[in-house]
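Observations on chain architecture
Residue strings, one per chain:
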Amino acid sequence: MTTQLPDRARVVVIGGGVIGCSIAYHLAHAGWTDVVLLERDRLTSGTTWHAAGLMTCFGSTSETSTAIRLYSRDLYSRLEAETGQATGFRPVGLIEAAADRDRLEEYRRVAAFQRHLGLEVHEIPPAEIAERFPWARTDDLLAGFWVPGDGRVNPVDLTTALAKGAKQLGVRVVEGVAVTDVLAPAGQVTGVRVATGETVGCEYVVNCAGMWARELGARNGLVVPNQAAEHYYLITDTIEGIDPDAPIFEDPSSYGYYREEGGGMMVGLFEPQAAPWRVEGVPADFSFGQIPPDWDRMGPFLEKAMARVPVTLEVGVRTFFCGPESFTPDLAPAVGEAPGVRGYFVAAGMNSVGVLSAGGLGRVVAHWITTGRPDVDVTGFNVDRFRPYQADDGYRAARTTEILGTVYAAHTPGTQLRTARDRLLSPVHDRLVAQGGYLREVSGWEGADWFAGAGARPTATPTWGRAPWFTQWEAEHRAVREAAGLMDMSFMAKLRVRGPGAGVALDRVSAGAVDGPAETITYTQWLDEGGRIEADLTVTKLAEDDFWVVASDTAHGHVLAWLARNGFDGRGLDEPGTGPGVTDVTADFAQLNVQGPGSRDVLAALTDADLSTAAFPFRTARWIEVAGVRVLCARITYLGELGYELYVPAGSAARVYDALGAAGAAYGLRPVGLKALASLRMEKAYRDFGHDIDNTDCPLEVGLGFALALDKPGGFVGHEAVLERRQAHAAAGGMPQRLVQLRLLDPEPLLYHAEVVHRDGIPVGYVRAASYGWTLGSAVGLAMVHGQGAPVTPDWLAAGSWEVDVAGVRHAAEVSLRPMYDPTSARVRA
């Protein structure tokens, strides 16, 4: 590799691991060859060099993740022909073992979904597992899942091949140069400074610094909360008769993965109780390093893993390796353009799947940089999702003890993380606990999923089936449909946007007309220049150039970042400014929702305000007094009933909550949790950004055309792209794909996510999000369906016979473009 440091490049990639080299390679293939990759020591010297080299695709119910892995696998199979450098890729196959009923159910669902996306996978009995991998004990296994195209790769050779391919196209790769700072005056990348004090000018920087990405990002105020953890594998002495082309075998229930290595067996571990390493920061000179192993801690996990393949206990151990791998708090990578710094991209926190993701992720990031936006759903791993508290040492240390083990944990519904909890508490948190709320983490907040009742201790066991607490869930759902419910949603992102020009600026960003009469709520989307959705939220005009913006908890960071990229300054409410400013008031206000046909009566008992439809119609927001407290009352719903959202100063929230509970007793009001939120909104087919709609979606195709102000003077960001797409749809006789609501005809099966949808026996899409419709009488969901060359019209939908694959069994369904519950919204506007 070259040692000469250039004065300038269009893009500087920081870090010479497999991720950095893949991004450089794909930038070059996209025609951006003025790229320099800077590696502090030598390529692969961080964590890539000791990776296990698995190239497996099975296991994900994310379309993006599956596509990334499939692309990687294909790239690795052809990279040697392009570069002349071997990658060591061998498609020896993968066997994923299911040792219990929950995993079998999960893997059957995963297999159906990934087959739909193009992965060849077969369920096989234990006898066939024994034939293909005779070293494993199979007497207690229920089944296996055989993926013939998966395999193994040499991580160092792969990285070398990617770097060579990039260099062949003009990229410069410089080793032995450590970047110390990213230069970004005025929030725009201009270059990097290296350890010698020299600078390299550039327009874009990509932080691929792996274990060091957090510390490097923090110098520019970025939150990249990846944390190094101990990761273990051993390699046995020679095992007689072992086949070098034997498949990879994984048994997550035994915490282990197994493959041939040098005539012996590699046994790798993802133990359920892990150990963070160097929480204070990884030494800058740590290269090709190992960590002293903790035999006492690892002994029980290692014994269980080796017992699955008994021959590993009968031969000696050649190598017992412990090295660092970095993990994020939610086991998703940190990828994308950093909030607040234009031109600063991040690709780090790979959670031990860096090698098998590198090819596809490199393509995604390169496309993002060169075109200005990603072409896949990035809502689950966008770096702007992280919040400042997640960078705290204590938080990262606690979460890492658990998160490593979730690589191999079952994903049974109801499973949740237990570490690093109670970080963000609602102002009425103690009320939720007193009422028997079963708490779960909601973007760092503690939210009540359902309520066991005052004085009761809620308990729940994860299950794919019906649980005892479904009774409480149904009762809460029906309370909102028939009487009234009180729901705490203080975790929602709440922003105050005000200052000179705020109305004009928000109207430009919003696809709806938000700068109309005061005291008006507008449901709207924010789009990118390509007319794809960046946010789905409400914008309330309180007064001239004074707005209240509410978005989902998962979109909190992205909404703030989007406003910053569009010229809004972050500042305090009373801080002067020359233009529109944004103040995050999420923690300053509780959000208490009173919803249901009796909600008006409940609220009227506590206020002198006129709540009649004539005086306070749907989509009105007004400051009123409730129980003697000044609150912002918004007549809006996410549940499909008459309802109100109350934004209450945090210090007075408990008082208002208690008053609502007392006044509501006469009207059948009860506390309502997040399970009911999901089932109620799903019956009404309300969308949720990051779950059933995402950044790849056009608002027209997901049924949000009604929210677009296409005739708004001056237009909006993405306006021209939406008009062009609408014209194309008209010329084609309809849209090529549509988001539809679906309902199973059988009341017994349950839907969750990623179930494949069939029309006349042909797979045409999958369920993006689902719940149980207690009012509709069966499982209900939202699915994107494709016309397979025909426009998706009401007639096309009606002409088909519809089924949904639930764990390999197809169930009859009905589909609709209109909400199946209250399609005219008469109840909402009552």
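A word on the overall build of the chain. Looking only at helices and strands, the chain has 19 helices and 39 strands in total. Overall size of the chain, expressed as C-alpha extent along the three principal axes, is 80 × 65 × 60 Å. Relative to its full complement of 830 residues, the chain shows a buried share of 60%. Considering only contacts in the chain between residues 6 or more positions apart, those separated by 24 or more positions represent 73%. Summed over all atoms, the accessible surface of the chain reaches about 29400 Å², with 50% contributed by carbon and sulfur.

A few words now on the pattern of salt bridges. Inspection of the entire model under this criterion finds 44 salt bridges. Residue Arg399 pairs with Glu441 through a salt bridge whose shortest N-O separation is 3.3 Å. Of this pair, Arg399 sits in helix H10 (residues 393-403) while Glu441 sits in strand E20 (residues 437-442), and the two are 42 residues apart along the sequence. Residue Glu441 is classed as partly exposed on the basis of its relative accessible area, which comes to 22%. Arg496 is paired through a salt bridge with Asp546; the nearest N and O atoms lie 2.8 Å apart.

With 14 residues, helix H5 (residues 155-168) extends 20 Å from end C-alpha to end C-alpha; this agrees with the ideal 20 Å at 1.5 Å per step. Listed in full, the buried residues belonging to H5 are Pro155, Leu158, Thr159, Ala161, Leu162, Ala163, Gly165 and Ala166. Elements in contact with the buried residues of H5: helix H1 (18-29), helix H2 (63-83) and helix H9 (354-371). The distance from a side-chain oxygen at the start of H5 to the backbone nitrogen of Val156 is 3.1 Å, and the residue carrying that oxygen is Asn154.

This part takes up the environment of Phe327. By the secondary structure assignment, Phe327 is in strand E17 (residues 317-327). A residue is classified by how much of its surface remains accessible, and Phe327, at 1% relative accessible area, is buried. When the C-alpha atoms of Phe327 and Phe89 are compared, they prove to be 25 Å apart, with 238 residues separating the residues in sequence. For Phe327, the contacting residues outside a window of four places in its chain are Pro225, Asn226, Gln227, Ala229, Phe270, Asn351, Ser352, Ile403, Leu404 and Val407.

Take the sheet that holds strand E13 (residues 227-236) next. Reading across from one edge, E5-E6-E4-E14-E15-E16-E13-E17 is the order of the eight strands in this open sheet, with mixed pairing throughout. Two strands close off the open sheet at either side, each with one partner strand: strand E5 (122-124) and E17. This sheet shows a mean twist of 25° between the axes of neighbouring strands, independent of strand direction. Strand direction decides the pairing type here: E13 and strand E16 (residues 264-269), joined by three bridges, are antiparallel. The partner of Tyr233 across the bridge, within E16, is Gly268.

Viewed as axis vectors pointing N to C, H1 and H5 meet at an angle of 30°, and their least axial separation amounts to 8 Å. Relative to H5, H1 is oriented roughly parallel. The hand of the H1/H5 crossing is left-handed. Seen from H1, the contacting residues are Val18, Cys21, Ser22, Ala24, Tyr25 and Ala28; seen from H5, they are Leu158, Thr159, Leu162, Ala163, Gly165 and Ala166. Tallied by class, the residues present in the contact of H1 with H5 amount to nine nonpolar, three polar and no charged.

The element strand E37 (residues 778-786) is extensively covered by neighbouring structure, given that eight of its nine residues are classed as buried. Two elements, strand E34 (residues 737-744) and E37, share seven bridges in a ladder whose sense is antiparallel. Following the sheet pairing, Leu739 is matched in E37 by Met784. Linkage of strand E36 (residues 762-773) to E37, two consecutive antiparallel strands, is achieved through a turn of four residues, within which Gly777 is found at a positive phi near 95°.

For the rest of this paragraph, the subject is the pairing of strand E32 (residues 643-649). With respect to burial, E32 is a largely interior element, six of its seven residues being buried. The pairing of strand E29 (residues 589-595) with E32 spans seven bridges and is classified as antiparallel. Note that in E32 the partner of Val594 across the bridge is Tyr644. The pairing of strand E31 (residues 629-634) with E32 spans three bridges and is classified as antiparallel. Of the residues in E32, the one forming a bridge with Cys633 is Leu646.

Our next topic: the sheet that holds E36. Read around the closed barrel, the six strands follow the order E34-E37-E36-E35-E38-E39; overall the barrel is antiparallel. Strand-to-strand twist in this sheet, taken as the mean axis angle between neighbours without regard to direction, amounts to 40°. By the bridge criterion, five bridges tie strand E38 (residues 802-806) to strand E39 (residues 809-816) in an arrangement that is antiparallel. Opposite Trp802, over in E39, you have Ala813 as the bridge partner. Contacts from helix H17 (residues 674-683) reach E34, E36 and E37, with the element oriented near 130° to E36.

Locating Ser254 in the fold gives a position in the loop between strand E14 (248-251) and strand E15 (256-261). A polar atom in the side chain of Ser254 sits 2.5 Å from the side chain of Asp251. Residues contacting Ser254, with those up to four places away along its chain left out, are Phe301, Lys304, Ala305 and Arg308.

Time to look at the packing of H2 against H9. A pair of packed helices can be characterised by two numbers: the angle between their axes and the separation between those axes. Look at H2 against H9: their axes get within 7 Å of each other, and the N-to-C directions meet at 100°. By the angle between their directions, the pair H2 and H9 is classed as roughly perpendicular. Counted together, Ile68, Arg69, Tyr71, Ser72, Leu75 and Tyr76 of H2 and Val355, Leu356, Ser357, Ala358, Gly359, Gly360, Leu361, Arg363 and Val364 of H9 form the full contact between these two elements. Counted by class, the contact of H2 with H9 contains nine nonpolar, four polar and two charged residues.

Let us now look at the nonpolar core. Ranked by internal contacts, the top residues of the largest apolar core, which has 79 residues, are Val13, Ile19, Ile23, Leu27, Phe58 and Val206. Take this core: its biggest share by element is nine residues, from H9. Excluding residues that lie within four positions of it along the chain, Ile23 makes contacts with Val13, Val206, Cys208, Ala347, Gly362, Val365 and Ala366.

Right, let's get into the packing of aromatic side chains. Evaluated as defined, the whole model comprises 36 aromatic pairs. Judged by centre distance (6.4 Å) and plane angle (50°), the ring pair of Tyr204 and Phe345 falls under tilted. Within this pair, whereas Tyr204 is found in strand E12 (residues 204-207), its partner Phe345 is found in strand E19 (residues 344-348), the two being separated by 141 residues in sequence. With a centroid separation of 4.7 Å and 55° between ring planes, the pair formed by Tyr772 and Trp774 is classed as tilted. Given the relative accessible area of 6%, Tyr772 is considered buried. We note Arg132 situated over the ring of Trp146; from NZ or CZ to the ring centre the distance is 4.1 Å. In this structure, Arg622 is placed above the aromatic ring of Phe616, and the distance from its NZ or CZ to the ring centre is 4.9 Å.

For the rest of this paragraph, the subject is the environment of Thr461. Topologically, Thr461 is positioned in the loop between strand E21 (445-451) and helix H12 (470-482). Exposure remark for Thr461: the relative accessible area of 63% places this residue in the exposed category. It is 43 Å that separates the C-alpha atoms of Thr461 and Arg565, two residues lying 104 residues apart in sequence.

Take unusual backbone geometry next. At Arg278, a residue that is not glycine, the phi angle is positive and equals roughly 55°. As for its placement among the helices and strands, Arg278 is situated in the loop between E16 and helix H7 (295-308). Non-glycine residue Ser352 carries a positive phi angle of around 70°. Topologically, Ser352 is positioned in the loop between E19 and H9.

Basis of the calculations
- Residue positions are given per chain, counting from 1 as you read along its sequence in written order.
- With the structure being a predicted model, the display of local features is reserved for residues of pLDDT at least 70 and the display and counting of side-chain atom pairs for 80 or more, all residues being used for whole-chain, interface and lining totals.
- Neither water nor hydrogens contribute to the side-chain values; these are computed over all heavy atoms in the structure.
- By definition, any uninterrupted DSSP run of H or I lasting at least four residues is a helix, any uninterrupted run of E lasting at least two residues is a strand, and each is numbered from the N terminus.
- When accessible area is computed with a 1.4 Å probe and restricted to protein chains, residues below 20% of their type maximum are described as buried, those above 50% as exposed, and intermediate ones as partly exposed.
- Residues are treated as being in contact if the distance between any of their heavy atoms lies within 4.5 Å.
- With residues, only the protein chains shown are counted as cover, and all accessible areas are computed by Shrake-Rupley using a 1.4 Å probe.
- Salt bridges are counted wherever a side-chain nitrogen of Lys or Arg sits within 4 Å of a carboxyl oxygen of Asp or Glu.
- For a helix, the expected span equals 1.5 Å multiplied by the number of residues minus one.
- Pairing of N or O atoms within 3.5 Å defines a polar contact, subject to two protein rules: one partner must be a possible hydrogen donor and the other a possible acceptor, and residues neighboring in sequence count only if both atoms are side-chain atoms.
- Should DSSP find at least two bridges between two strands, the strands are taken to pair.
- In this description, a line fitted to the C-alpha atoms serves as the axis of each element, helices being fitted only across the stretch in contact, and the angle between N-to-C directions of two axes falls anywhere from 0 to 180 degrees.
- For this classification, under 35 degrees means roughly parallel, over 145 means roughly antiparallel, 65 to 115 means roughly perpendicular, and everything else is oblique.
- Handedness of a crossing is defined here by the sense of rotation of the near helix relative to the far one, left-handed for an anticlockwise turn of less than a right angle and right-handed for a clockwise turn.
- Here the term charged refers only to Asp, Glu, Lys and Arg, the term nonpolar to Ala, Val, Leu, Ile, Met, Phe, Trp, Tyr, Cys and Pro, and the term polar to all other amino acids, Gly among them.
- For this analysis, a nonpolar core means a set of buried residues of the types Ala, Val, Leu, Ile, Met, Phe, Trp, Tyr and Cys, connected via side-chain atoms within 4.5 Å.
- Two rings belonging to Phe, Tyr or Trp (six-membered ring only in the last case) form a pair when the distance between their centres is within 6.5 Å. Interplanar angles under 30 degrees mark stacking, angles over 60 mark edge-to-face geometry, and anything in between is tilted.
- Charge-over-ring contacts are defined here by two conditions on Lys NZ or Arg CZ: a distance within 6 Å of the ring centre and an angle within 35 degrees of the ring normal.

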